[in-house]
Amino acid sequence: MIKKGGYFGRLLHVDMTDGGSRVEEYDESLAEQFIGGRGFAVKLIWDNLQKKGRFDPLGGDNLLVVAPGPLTGVYMPSSGKNSFAAISPATGIYGDSSMGGSFGVELRQAGYDGLAVHGRAEKLSYLFIDDDRVKVIECPELAGKGNLETEGRIRDQIGDHELRVASIGPAGENLVRFACITSEWSRNSGRCGIGTVMGSKNLKAIVVRGNRDLPVCDLKRVEDISNQAYKELAGHDMMSFWQRQGLMSVIDYANELGILPTYNFHDVHFEKAEQINGYTMEAGYKIGNTACFACPMCCGNINLVKEGKYAGTVTEGPEYETAAMLGSNLGISDFGAILRGNHLCDDLGLDTISTGNLIGAIIEGYEKDLLTIDDLDGKPIVWGDDERVLELVTQIAHCESVGATIALGAKGVLEKWPQLKPLVQHVKGLEQSAYDCRGASSMALAYGTSDIGAHHTRAWTVGKELEMGADWNIEQKVDLVIYHQHIRSLFDMFGVCRLPWIELGFHEDFYAELYSAVVGSDYGLDELLKKSEHIYNMTRAIGVKLGSNKSQDYPPERAFDVPIHSGPLAGKVCDRQEYEQMLNLYYTKRGWDPQGTPVITGELNF
């Protein structure tokens, strides 16, 4: 039993096969070692693999874990995060993706520290968690419906528009390998195909209503710490600008630094960047803000297309990744088209990063005669062709025409069209995020050694390296990558957002202090980072057991072989020799063997 604050001591298990559910009570040792959030998810998936061995990620044996953290829903800045995790159908190894908003808060208020979904329903269904009442409800009428309609109809059916819904669109139902989970209009668990796992379980949505107070040990201390935190953030000289543009401010930053993906990462400087940046959004499209639970940063931009062929499109977004991957990476400078693409991906349930990445590879493949007009079903596509791009988005979600191949993700595309290998930017099967790494070898290492594949949220080091300049040595770069991989894991374990730290310089010690106040025991940051390191070693061990190895710990080929064409970093590529030195040093510092295999207790034995 849990004797201190921060935890209910209850994990909910639901079997979609028979609709049954049970509550697993755990003791303090689980919380002490794994903290919560991503930590609990990794432990549950680890145990499931020990029990089941290898299995098809699209089969009923794959465990879907939904895990808020002990700080999710607590009075503090940006405490609305929740992790979704499974063995990824996109990569075949461990995968997770966090979601903001209030869904994770509601799950905690229902009295659970995590949810594990087993099996597969015979018919399309949704899971309704109403405090202690748990029910699997068939919903054939929602087949093929988008996320917006699905959420509205479920709320109407239950008669409560305050409950929280996390759903999949047609992409998840059709097992697109990069389908996402969506809540509250456009809060997404986007990466690794976690929405595909829901689709494979015939699980259209998870619906939660909770009415419990959260367990907090020292409420007065929490209030004092958090009041000071809100005061510090409010006084930051970038706060008002952040609330105006959010992550859309990164378009100009990335373009000026020379890391903005342009024409399928062929270049890093977009000549029309000012047409898709935060100022363009503010001047002609933005109509409001949204925020995740308890967050003063309000980074969700609500935008409306007021004129032109996409007039009437309204969406929350885009943020930087979407604007870059559906904009500059595809040569699109029409901000209205980007908003339309954002809306479609959210409603259909597609990860915008993977979608823009793979469409970019298709455009370049056709441009270089590596794909024929027949491969594209008789319809060509060129840079900046927003109408054809949006058509492809819909085809991908419904697995139609050439979209059926793109829907298979990087691995599936390369299996059918191996000639595209130099053009498909991925690591371990996960399509690369919207930061080029040729000018920053630490970012190349961050992509290469990421436990889930090429995703920037595991370690975003590119800004720091470019600010430090050429005098930064490889040991400093390796140390920064490892630190980011640990501190960012810790944020996911706590169930909080990283943006106050990375964007507004909020100090990491705050989180250790607040966690200590919530649970009633004092922890230092270094002690908590050691727990995070253990989690990273576990996900690496899962990857190794499922086929990942040193040969996959490299950035995409383009990082080494294609020099940057324009901008401040023109001519730059990653140096292979330096990268090899960094990778070997990284293994040594982590205590892994020369092939990148960690040695930890309780190693997987299947």
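Computed from a prediction, not measured in an experiment: that's the story for all the values here.

Rules of the game
- Residues numbered from 1 in each chain as written.
- Predicted model: local features only at pLDDT ≥ 70, side-chain atom pairs only at ≥ 80, totals over all residues.
- Heavy atoms only, no water.
- Helix = DSSP H or I, 4+ residues; strand = E, 2+ residues; numbered from the N terminus.
- Buried < 20%, exposed > 50% of the residue type's maximum accessible area, 1.4 Å probe, protein only.
- Lys, Arg positive; Asp, Glu negative; His and termini not counted.
- Salt bridge = Lys/Arg side-chain N within 4 Å of Asp/Glu carboxyl O.
- Polar contact = N/O pair within 3.5 Å; in protein donor to acceptor, adjacent residues only side chain to side chain.
- Contact = heavy atoms within 4.5 Å.
- Pairing = 2+ DSSP bridges.
- Axes fitted to C-alpha atoms, helices over the stretch in contact; angles between N-to-C directions.
- Parallel < 35°, antiparallel > 145°, perpendicular 65-115°, else oblique.
- Nonpolar A, V, L, I, M, F, W, Y, C, P; charged D, E, K, R; others polar.

Quick notes on the side chain of Arg177
- Tracing the chain through its elements places Arg177 in the loop between α5 (170-173) and β10 (181-183).
- An unpaired buried charge is present at Arg177: no salt bridge exists, and Asp56, the closest side chain of opposite charge, is 7.2 Å distant.
- At a separation of 2.6 Å, a polar atom in the side chain of Arg177 contacts the main-chain carbonyl oxygen of Leu175.
- Here Arg177 is in contact with Leu58, Pro89, Ala90, Cys192, Gly193, Thr196, Ala407, Leu408 and Gly409, once residues within four sequence places are set aside.

Some thoughts on the sheet that holds strand β15 (residues 314-316)
- Pairing in this open sheet of three strands is antiparallel, and the strands run β13-β14-β15 from one edge to the other. Either end of the sheet is taken by a strand with one partner, and the two such strands are β13 (286-290) and β15. Shown here is a sheet whose adjacent strand axes are inclined to one another by a mean of 15 degrees, direction ignored.
- Here strand β14 (residues 300-304) pairs with β15 via three bridges, running antiparallel.

Structural notes on the sheet that holds strand β4 (residues 82-87)
- In spatial order, the strands read β2-β1-β6-β3-β4-β5; together these six strands make up an open sheet with mixed pairing. This sheet does not close on itself; its edge strands, each paired only once, are β2 (21-25) and β5 (94-99). Adjacent strand axes in the sheet meet at a mean angle of 20 degrees when their direction is disregarded.
- By the bridge criterion, three bridges tie strand β3 (residues 64-68) to strand β6 (residues 114-118) in an arrangement that is antiparallel. For Leu64, the partnering residue across the bridge sits in β6 and is Val117.
- Across the sheet, helix α2 (residues 38-52) is in contact with β1 (10-15), β3, β4 and β5; its angle to β4 comes to roughly 20 degrees.

Some thoughts on the environment of Gly37
- Within the secondary structure layout, Gly37 lies in the loop between α1 (28-34) and α2.
- Separated by 28 residues in the primary sequence, Gly37 and Val65 have C-alpha atoms spaced 9.5 Å apart.

Digging into the packing of helix α22 (residues 525-545) against helix α24 (residues 576-590)
- Closest axis-to-axis distance for the α22/α24 pair is 12 Å, and the angle between their directions is 120 degrees. Here α22 is positioned oblique relative to α24, judged by the angle of their axes. Across the interface between the two elements, Glu533, Tyr536, Asn537 and Arg540 from α22 touch Tyr586, Tyr587 and Arg590 from α24.
- For the contact of α22 with α24, the per-class residue count stands at three nonpolar, one polar and three charged.

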